[in-house]
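For reference, the chains in residue letters:
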2 protein chains.
Amino acid sequence: MNPYFSFELIHECSQSGARLGRLTTPHGVIETPCFMPVGTQATVKAMSPRELWEIKTQILLSNTYHLYLRPGHELVKMAGGLHSFMGWDGPILTDSGGFQVFSLGDLRKITEEGVEFRSHLDGSRHLFTPEKVMEIEAALGADIIMAFDECVPYPAERDYTEKSMHRTHRWAKRCKDSQLREDQALFGIVQGGVYADLRADSAKAIADMDFIGNGIGGLSVGEPKPLMYDMLEVIDPLLPKDKPRYLMGVGSPDCLFEGVLRGVDMFDCVLQTRIARNGQALTSRGPLTIRNAAFEKDFSAIDPECDCYACKNFSRAYVRHLIKAGEILAARLLSIHNLRFSLALMENIREAILNDRLLDYKKEFYEKYGLSQ
Amino acid sequence: MNPYFSFELIHECSQSGARLGRLTTPHGVIETPCFMPVGTQATVKAMSPRELWEIKTQILLSNTYHLYLRPGHELVKMAGGLHSFMGWDGPILTDSGGFQVFSLGDLRKITEEGVEFRSHLDGSRHLFTPEKVMEIEAALGADIIMAFDECVPYPAERDYTEKSMHRTHRWAKRCKDSQLREDQALFGIVQGGVYADLRADSAKAIADMDFIGNGIGGLSVGEPKPLMYDMLEVIDPLLPKDKPRYLMGVGSPDCLFEGVLRGVDMFDCVLQTRIARNGQALTSRGPLTIRNAAFEKDFSAIDPECDCYACKNFSRAYVRHLIKAGEILAARLLSIHNLRFSLALMENIREAILNDRLLDYKKEFYEKYGLSQ
C-alpha cells in the first residue's frame, strides 16, 4: 500500500453509472469528481489562496512549462517548493509542459530524445526530455505530476497520431523510470487523437504501465464535442476503475457532466478565469456578458443562486461599472464567482451521484442553463 | 447638538501639541488623526471592501468628478447610494470634483457661476456649480462632503491666487446654502496658495462660515514640502480647534508626521495604491522596489514587521515573480501592504500622542525609515 496516495471508490450512481471517489494526497483529501482551478504562473489569475480556500477549491493545477521559464524550478525549490512559494497548502497538480511546448509551433523540434524549444519570453533555447521534466516536477514538488507527452493537435493525420502516441508511451515509461520522489503521484497520459482504435491502444498501454492515476490528453483541442465524448466512451472500460482519471484542459459545464458520465474524476480549465477577465459570468441561468448595457441598472446579484463573496455583496450594475472603468476588482469578483460556480456544480454533481440521480440533476441543470440534452 | 456628527478631542500630546480625536459619523466612528484610502471610481484599486476592513480602514474617500461621469450619480443613487453600491458600510468622504476639473487644463472654463468642462472620457460638455456639486454629493450619499473649490496650481501668481480664493469663499457659502441633506457633514476648504497672508485670510473666512469640518486644499501640488509645512503653521491657530481638519491629497509618511504635528486630523493619498501597481512597497526600513533583481531570492516578508495578509503569507521573491509575470495578485498584495503600512503608521501615531511621545516616535520612525529629521 502506498503511504502517500490512495483512491477509494465511494459510490456508483445507479441511475448513470458515474462514480464518486476520494483521492488522498500528502496535502489533503480530494472528493471526486473534482474541478481544479488553474494557477499557470503560481497564482490563479486575480485570486488569492485564501479566496481559493473560501470557494472550496480542493486542488490547484499549475504549469511546469511556465514555472520552469519563470521564476525557474530551482528558485521554487529554494522557496521550499510550490506550496510554500505560492502560499497554497492544499494539493497541487503540475502538468508536464507537453501541451505548452507543442503549442509553440515553429519554435519547437521533436525528436525521440525530447523536445527542443525556444522560450516564448526571450527566445532562449531549452530541451525538455521525460527525465528533465521529472526533475523539474520534483523541484516544484506538486502532489500529482503528469508524465511528459505529446499533445497532438486537431486535426492530425492518423499516421502521425499513431507514431506520436507510441512515442508518448515510450516517454511515459521513461518518466516512470526516472521519477525522483515517491511522495508525488505520477499520472500517465492517454493519447491517440480522435481515432477510436488508437485511443483504445493508448488506454491499454498506459493502463499496463500501472501509474497511480491516468490522464486523458489531446482532447478539447478543437474537435467537435461529440467526438470527444466518443473517445471517452472508448477509453472508459479500458482504464482501471480503481484509479483516478483526469481529463486535461476540460471544464465547461456541459463537458463536466458528459465527462463524469463517462468515468472522469478530475477536470481543469482556464475558461472560468479567462472569461471573468473579459467581463463574463457563468450563472445557473446560463452565461451572461455583464459588461453589456443590459446590466447597467440591474441591481441583482451576478447569480442570485450563488453563495460566493461576489454574489453576496455586489450587484451586476456595480460589476459592470467596474468593468467599464477598467478596475481590477471586476476581474477579481468575476473570477471568484466563475470558479465558485464550477466548484459548486461539481459539489452538486457529487451529491447527485450519491443520491443516484445524476441524470435527473443533469436534466434540471441543462434546462435552467439553456443547454439541450 | 448635531444628531449625526460630533468631534471630540481626546488628548493633546504634551511633547508635541498634536491632537487625538474622535469623529462620529452616520456610518461609524473615526479615530483621528486618520488616513483615508482612496476609492476614485467606487473601488480602492485592486482591493475588496472586506480587505479594507481587515487592514482597519476607518473611512474611504471617493471622487465626485469620476462618479458623476461614470457610472453617474443618479445610478449610484438608484443603487441606494455609494455605501450600498460599492459594498462599503463604513464612513465615506467625497471630494467636490474641484481638484479634478481644474486639472483638466484647456478642457475647462471658470466663471463666477462655476466651471464648464469636457469629460476626459468622451469629450462631452458639463457644468459644475456649487449647487450642482451639492446635488451630486447628496445623490452619492457620503458621510462627509467637500465644498466646491478651485484648487490653484503651483506656481501661481499672487493676484490670481487671491481672486480665486475669494471665489472659493463665495462658492463655499453657496454650497452651504444649497446643501440638501443634514445627515452629511459639509466641510469648507481653505485655499490661498503658498501666500501666508492669503492662507490666513482664507482660514479665517472658512472658519467664520462654521462648517462641521475644514479642508485644507491646494497643497502638495508641486510646491516644496517646507512651504507646505509653513502654510499649515499659518493656518493652525486660525482654524477652530474643536472641528476636524483634513489636509487633502497628502499621505507620504513624512507628510503624515509633519501634518499631525501641525494640527491635521485627516489625510488621503493615492500614493500607496499607485506605487503598489508599480511594484513598490513602503516598509519600516524605507521604500523598496520589489520588482528589482535584488529581491529575486529574498524569501523574507515584504515588511517583516507588518501584520498584513501579504506580509504574513508571501515572500518578496514571490511578489517579485508576480510582478515580472504581470499577475494581478502582485498589485493586490502590494496594495494591501502599502495601505496597511500607512494605517498602522497612523495607529502608532495615535498611540504616541496618547502617550505624550510623538516626537520620540517620529525620531524612531525616521531613523529606521531613512528620513532626516
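Brief notes about the packing of aromatic side chains
Residue and element names in this part refer to chain B. On inspection of all chains with the given rule, the structure shows 36 aromatic pairs over all chains. Between Tyr-68 and Phe-128, the aromatic rings sit 5.0 Å apart at their centres with planes inclined by 65°, giving edge-to-face as the arrangement. Note that Tyr-68 is positioned in helix α2 (residues 64–69) and Phe-128 in strand β9 (residues 125–128), a separation of 60 residues in sequence. For the pair Phe-257 and Phe-365, a centre-to-centre distance of 5.2 Å together with 45° between the ring planes defines the contact as tilted. You can see Phe-257 sitting in helix α10 (residues 253–260) and its partner Phe-365 sitting in helix α15 (residues 358–369), a full 108 residues away along the chain. Residue Phe-257 is classed as buried on the basis of its relative accessible area, which comes to 0%.

Re the side chain of Arg-340 of chain B
All names here are of chain B. Tracing the backbone shows Arg-340 in helix α14 (residues 328–354). By relative accessible area, Arg-340 is classed as buried at 4%. Only 3.0 Å separates the side chain of Arg-340 from the side chain of Asp-307, close enough to count as a polar contact. With sequence-adjacent residues up to four places away left out, Arg-340 is seen in contact with Ile-55, Lys-56, Cys-306, Asp-307, Cys-308 and Glu-347.

Observations concerning the packing of helix α9 (residues 225–235) of chain A against helix α10 (residues 253–260) of chain A
Residues and elements named next belong to chain A. Axis separation between α9 and α10 bottoms out at 10 Å; the angle between their running directions is 25°. For the element pair α9 / α10, the angle class is roughly parallel. Here α9 and α10 pass one another in a crossing that is right-handed. For the pair α9 and α10, contact is made by Lys-225, Met-228, Tyr-229 and Leu-232 and by Asp-254, Cys-255, Glu-258 and Gly-259, respectively. Here the contact of α9 with α10 is built from residues that sort into four nonpolar, one polar and three charged.

What about the relation of the copies chain A and chain B?
Once turned by 180° and shifted 0.0 Å along the axis, chain A lies on chain B with an RMSD of 0.0 Å. In symmetry terms, the pair is related by a two-fold rotation axis. Nearest to the rotation axis, the C-alpha of Ile-328 of chain A is located 3.8 Å from it, this being the minimum over chain A.

Comments concerning the interface of chain A and chain B
Contact residues are listed per partner, giving 38 residues for chain A and 38 residues for chain B. Overall, the association of chain A and chain B removes approximately 3,300 Å² of surface from exposure, summing both partners, and the carbon and sulfur fraction of that is 60%. Our count for the contact surface shared by chain A and chain B stands at six salt bridges. For Lys-45 of chain B, the salt bridge goes to Glu-327 of chain A, with nearest N and O atoms at 2.6 Å. Where chain A meets chain B, there are 20 residue pairs in polar contact (both at pLDDT 80 or more). Going through the elements one at a time, α1 (49–54), α3 (73–78), α4 (82–86), α12 (309–313), α13 (316–324) and α14 (328–354) of chain A are the ones with two or more residues in the side of chain A that touches chain B. Here the element with the most residues in the side of chain A that touches chain B is α13 of chain A; it accounts for five residues. Looking at the side of chain A that touches chain B residue by residue, the classes come out as 21 nonpolar, six polar and 11 charged.

Details of the sheet that holds strand β2 (residues 19–25) of chain A
Residues and elements named next belong to chain A. If you trace the three strands from one edge of the open sheet to the other, you get β1-β2-β3, paired in antiparallel fashion. Either end of the sheet is taken by a strand with one partner, and the two such strands are β1 (6–12) and β3 (28–32). Sheet twist, expressed as the mean angle between neighbouring strand axes with direction ignored, is 15°. Inspection of the sheet shows β2 paired to β3 by five bridges, in the antiparallel sense. Bridge pairing links Thr-24 to Val-29 in β3. Set on the sheet, α14 makes contact with β1, β2 and β3; between it and β2 the angle comes to about 120°.

Section: the pairing of strand β11 (residues 185–190) of chain B
All names here are of chain B. When you tally the buried positions in β11, you get six out of six residues, the bulk of the element. Alternating positions in β11 separate into two faces, Ala-185, Phe-187 and Ile-189 on one and Leu-186, Gly-188 and Val-190 on the other, with burial throughout. In this structure, strand β10 (residues 144–146) lies alongside β11, joined through three bridges in parallel fashion. Bridge pairing in β11 places Ile-145 opposite Leu-186. Relative to strand β12 (residues 213–216), β11 is paired through four bridges, and the arrangement is parallel. Looking at the pairing, Val-190 lines up with Ile-216 of β12. Handedness of the crossover joining β11 and β12 through helix α8 (residues 196–208) is recorded here as right-handed.

A word on empty space enclosed by the protein
Per the counting criterion, the structure on display carries four cavities of 30 Å³ or more. Estimated volume of the largest cavity: approximately 60 Å³. Forming the walls of the largest cavity are Val-152, Pro-153, Tyr-154, Pro-155, Ala-156, Thr-161, Gly-193, Val-194, Tyr-195, Gly-218 and Val-221 of chain B. When the residues that make up the lining of the largest cavity are grouped by side-chain class, the tally is eight nonpolar, three polar and no charged. Counted as a void, the second largest cavity has a volume near 50 Å³. Along its surface, the second largest cavity is lined by Val-152, Pro-153, Tyr-154, Ala-156, Thr-161, Gly-193, Val-194, Tyr-195, Gly-218 and Val-221 of chain A. Residue composition of the lining of the second largest cavity, grouped by class: seven nonpolar, three polar and no charged.

Quick notes on the packing of α14 of chain A against helix α15 (residues 358–369) of chain A
Residue and element names in this part refer to chain A. Direction vectors running N to C along α14 and α15 enclose 145°, while the axes themselves pass 8 Å from each other. Contact with α14, carried on its side by Phe-341, Leu-345, Asn-348, Ile-349, Ala-352 and Ile-353, involves Leu-358, Tyr-361, Phe-365 and Tyr-369 of α15 and no other residues of that element. Counted by class, the contact of α14 with α15 contains nine nonpolar, one polar and no charged residues.

Thresholds, definitions, all that
Each chain has its residues counted from 1, following the order in which its sequence is written. Naming scheme: in the order in which they are written, chains are lettered from A and ligands are numbered from 1. It should be noted that, the model being predicted, local features are given only for residues of pLDDT at least 70 and side-chain atom pairs only at 80 or more, the latter also being counted only at that level, while totals for whole chains, interfaces and linings use all residues. Values shown for side chains rest on all heavy atoms present in the structure; no hydrogens or waters enter the calculation. In this analysis, rings of Phe, Tyr and Trp, with Trp reduced to its six-membered ring, are considered paired at centre separations within 6.5 Å, and the interplanar angle assigns stacked below 30 degrees, edge-to-face beyond 60, and tilted for intermediate values. Elements are defined by DSSP. Helices are runs of H or I of four residues or more, strands are runs of E of two residues or more, and each kind is numbered from the N terminus. Here's how the labels work: a residue is buried when its accessible area is under 20% of the maximum for its type, exposed when over 50%, partly exposed in between, all with a 1.4 Å probe on protein chains only. Any pair of N or O atoms that falls within 3.5 Å is considered a polar contact. Within protein, one atom must be able to donate a hydrogen and the other to accept it, and sequence-neighbouring residues count only if both atoms are side-chain atoms. Working rule for contacts: check all heavy atoms of both residues, and any pair within 4.5 Å makes them a contact. Structural elements are reduced to axes, namely lines fitted to C-alpha atoms, with helices fitted over the stretch in contact, and the angle between N-to-C directions of any two is expressed from 0 to 180 degrees. Here is the rule for angles: anything less than 35 degrees is roughly parallel, anything more than 145 is roughly antiparallel, 65 through 115 is roughly perpendicular, and the remaining ranges are oblique. By convention the crossing between two helices is left-handed if the near helix lies anticlockwise of the far one by an angle smaller than a right angle, and right-handed if it lies clockwise. Three classes are used, and their members are as follows: Ala, Val, Leu, Ile, Met, Phe, Trp, Tyr, Cys and Pro are nonpolar, Asp, Glu, Lys and Arg are charged, and the others, Gly among them, are polar. Copy-to-copy alignment: least squares on C-alpha atoms, limited to residues at pLDDT 70 or above in both. Note: buried area is the sum, over both parts, of the accessible area (probe 1.4 Å) each one loses when the two are combined. Think of a salt bridge as a Lys or Arg side-chain nitrogen and an Asp or Glu carboxyl oxygen that are within 4 Å of each other. We call two strands paired when DSSP finds no fewer than two bridges between them. Crossovers are described as right-handed under a simple rule: with the strands pointing away from the observer, the path leading from the first strand over the helix to the second runs clockwise. Of the two site types, the cavity is a set of points on a 1 Å grid over the protein atoms alone where a 1.4 Å probe fits but cannot get out, and the pocket is an open set with protein on both sides within 12 Å along at least five of seven lines, each lined by residues with an atom within 4 Å of a point. Grid points are joined across faces, edges and corners, and a volume is the space filled by probe spheres set on the points.

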